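Observations on the three-dimensional arrangement
Residue strings, one per chain:
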Amino acid sequence: MTTSSQENDWAAWMRAAMTGDAGAYRQLLVSLAPHVRVVARSRCRRLGAPEGEVEDLVQEVLLTIHLKRGTWDQSRPIGPWVAAIARNKLIDVLRRRRHITVPIEDLVNSLQAEDLTPELSTRDIDTLLGHLKPQQREIVRSISLNGSSIRETADRLQMTEGAVRVTLHRALKALAVFYRSSGRED
Amino acid sequence: MKTDDLIELLVKDLAPWRFRSILAGAVAGGIIIAAILFFVGIGFRPDISEAVKSNRFLFKFVVTVSLAVTAIWVTLSVGRPGGSLAHRGLALAIAPALLVCAAVVELLVLPESQWMPRLVGHNARFCLTLIPLLSIGPLACLLAALREGAPSSPGLAGAVAGLGASGIAATFYAANCTDDSALFVITWYPIATLIVTTAGYLIGRKLLRW
């Protein structure tokens, strides 16, 4: 999946993150995203999934890496751990699409869509945000879209920082569940 | 939502936790629940002060404790992404191997006329019901911990958790049961363990997907 020096960076960042270093954690996720994107894109092409699903998949994998970060055994290399998480999510996509015949228009669209900005997820996360409880949605929007800090969000919503943290964490867990169930409905 | 926005969200949710600590907590919780059930429900056998002098009685715990320890150790491995039996699975052979050795010794030292009575024993029915009953708490705790984990094979992880829960339950049950012959243990304990392991497999397959 990657060179070993890259893996060493990832491992170092994750170790720092596990002691609470947010900067290192951001570096890790930003550095992982393009690698996940390459794998997701090739998998979507092979399955004839629309290009728009690539970024959904990248976001789902990053969310899962986040929620399962405690399962990395620090005495073992981090690359295979990331790959195993990505594989689990990619298999999900395969399962979602198994019974779907892809219309030829979609294939054409996906070929044409290659130059679209890859950073924007088209569908899932924004649809899924709609399923969150109002307060969860408010906090997710405040932090992700407006870039507010936990403290600013807490002040504005007249909550304690602890309550904002708990709500954010529940919202992320709920998002992961919605991802999975939306996959089954497809 | 842009991926960078999502990353910002994830960074804000950063709090350290370890799967190992969660599993350790689950083991402790499971042991406490099983212990409460044991002391409230069945307790030690009446002749416990005599029994502890008997090697046959004590060896039961060598087997059940090694089953619990090895299975929980393997659970830690199969509960992680990419984990499989290839890494630590061989450890699961320790408890059965010990039990087989003890049964062979038992066959050698006992006269043939004693084999069947010892094997059938008096408590088979209790063994088959009490071990699964005592393992419900530990199994629930281990499965809850595995939900925080990320097993690549949910069914396998649930089954190994079932083995671990059986080990804990059998350790308590063995302190109540008066059948100490390895011939009894090798006949009935594995059936009880199989029940719990199958339950773990079936629940795990449903519950441990992520």
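Up top you'll find the structure we're talking about.
Residues numbered from 1 in each chain as written. Chains lettered and ligands numbered in written order. Predicted model: local features only at pLDDT ≥ 70, side-chain atom pairs only at ≥ 80, totals over all residues. Heavy atoms only, no water.

**Things to note about the overall build of chain A**
- Scanning chain A from terminus to terminus reveals nine helices and zero strands.
- Across chain A, helices and strands are ordered from the amino to the carboxyl terminus as α-α-α-α-α-α-α-α-α.
- Counting only residues that meet the buried cut, chain A has 48% of its 186 residues in that class.
- Here the contacts in chain A between residues at least 6 apart in sequence split such that 66% fall between residues at least 24 apart. (Helix = DSSP H or I, 4+ residues; strand = E, 2+ residues; numbered from the N terminus. Buried < 20%, exposed > 50% of the residue type's maximum accessible area, 1.4 Å probe, protein only. Contact = heavy atoms within 4.5 Å.)

**Notes on the overall build of chain B**
- The secondary structure content of chain B amounts to 10 helices and zero strands.
- Along the chain direction, N to C, the helices and strands of chain B fall in the order α-α-α-α-α-α-α-α-α-α.
- By residue count, 54% of the 210 residues in chain B fall in the buried class.
- Within chain B, contacts between residues at least 6 apart in sequence are counted, and of these 83% link residues at least 24 apart.
- Total accessible area on chain B stands at roughly 9400 Å², and carbon and sulfur atoms take up 71% of it. (Areas by Shrake-Rupley, 256 points an atom, 1.4 Å probe, with all protein chains shown as cover.)

**Concerning the interface of chain B and chain A**
- Of the residues lining the interface, 29 residues belong to chain B; the matching set on chain A comes to 54 residues.
- For the chain B and chain A pair, buried surface summed over both sides reaches about 3800 Å², with 60% attributable to carbon and sulfur atoms.
- When the buried area of chain B at its contact with chain A is split by residue, M1, L14 and W210 of chain B rank highest and sum to 22% of it.
- Our count for the chain B to chain A interface comes out at two salt bridges. (Buried area = accessible area lost by both parts, 1.4 Å probe. Salt bridge = Lys/Arg side-chain N within 4 Å of Asp/Glu carboxyl O.)

**Remarks on unusual backbone geometry**
- The residue Q158 of chain A is not glycine, and still its phi comes out positive at about 55°.
- Looking at where Q158 of chain A falls in the secondary structure, it is placed in the loop between α8 (150-157) and α9 (161-185).

**Comments concerning the pattern of salt bridges**
All names here are of chain A.
- Scanning the entire structure with this criterion turns up 14 salt bridges over all chains.
- Close ionic contact of R37 with E55 constitutes a salt bridge, the shortest N to O distance being 2.9 Å. Taken together, the positions of R37 in helix α2 (residues 22-47) and E55 in helix α3 (residues 52-67) put the pair 18 residues apart, joining distant regions of the chain.
- In this structure R37 comes out as buried when scored by relative accessible area, which is 12%.

**Things to note about the packing of aromatic side chains**
All names here are of chain B.
- Under the criterion given, the structure shown has eight aromatic pairs over all chains.
- Between F38 and F39 the ring centres are 5.0 Å apart and the planes differ by 80°, which places this aromatic pair in the edge-to-face class.
- Residues F38 and F44 carry aromatic rings whose centres are separated by 5.5 Å and whose planes lie at 75° to one another, so their mutual orientation is edge-to-face.
- Classification of F38 by relative accessible area gives buried; the value is 1%.
- You can call F44 partly exposed: its relative accessible area is 46%. (Phe/Tyr/Trp six-rings, centres within 6.5 Å; stacked < 30°, edge-to-face > 60°.)

**Quick word on the packing of helix α7 (residues 134-144) of chain A against helix α1 (residues 3-12) of chain B**
- The contact between α7 of chain A and α1 of chain B brings their axes to 8 Å, and the two run at 110°. One way to sum up the angle between α7 of chain A and α1 of chain B is to call them roughly perpendicular. For α7 of chain A against α1 of chain B, the interelement crossing comes out right-handed. Judged by residue contacts, V140, I143 and S144 of chain A of α7 of chain A engage D5, L9 and K12 of chain B from α1 of chain B.
- The class makeup of the residues in the contact of α7 of chain A with α1 of chain B is three nonpolar, one polar and two charged. (Axes fitted to C-alpha atoms, helices over the stretch in contact; angles between N-to-C directions. Parallel < 35°, antiparallel > 145°, perpendicular 65-115°, else oblique. Left-handed = near helix turned anticlockwise from the far one by under 90°. Nonpolar A, V, L, I, M, F, W, Y, C, P; charged D, E, K, R; others polar.)

**Looking at the side chain of T64 of chain B**
Residues and elements named next belong to chain B.
- By the element assignment, T64 lies in helix α4 (residues 55-78).
- Judged by its relative accessible area of 3%, T64 falls in the buried class.
- Among the polar contacts listed, one links the side chain of T64 to the backbone oxygen of F61, at a separation of 3.4 Å.
- Among all residues touching T64, those that are not within four sequence positions of it are G167, A170, T171 and Y189. (Polar contact = N/O pair within 3.5 Å; in protein donor to acceptor, adjacent residues only side chain to side chain.)

**Focus on the state of the cysteines**
Residue and element names in this part refer to chain B.
- Summed over all chains, the structure comprises zero disulfides over all chains.
- Free of any disulfide, C127 has its nearest cysteine sulfur in C177, 6.4 Å distant.
- When its relative accessible area of 1% is taken as the criterion, C177 is described as buried. (Disulfide = S-S within 2.5 Å.)

**What about α8 of chain A?**
Residue and element names in this part refer to chain A.
- Within the span of α8, buried status applies to I150, T153 and A154. Seen from one end, α8 has its buried residues packed into an arc of 100°, which puts them on one side. Opposite the packed face of α8, turned more than 90 degrees from it, sit the exposed residues R151 and D155.
- With its phi angle positive at about 55°, Q158 sits one or two positions after the end of α8. (Arc of directions from axis to C-beta.)

**Some remarks on the environment of C127 of chain B**
Residue and element names in this part refer to chain B.
- Take C127: it is sitting in helix α8 (residues 124-148).
- According to the relative accessible area criterion, C127 is buried, its value standing at 0%.
- Among all residues touching C127, those that are not within four sequence positions of it are P132, Y173, F184, W188, Y189 and A192.

**Considering the packing of helix α6 (residues 94-109) of chain B against helix α10 (residues 182-207) of chain B**
Residue and element names in this part refer to chain B.
- Two numbers describe how α6 lies on α10: the axes approach to 8 Å, and their chain directions differ by 135°. Taken together, the axes of α6 and α10 lie oblique to each other. Between α6 and α10 lies a crossing whose hand is left-handed. Here L99, V100, A102, A103, E106 and L107 of α6 come into contact with α10, specifically with A182, L183, V185 and I186.

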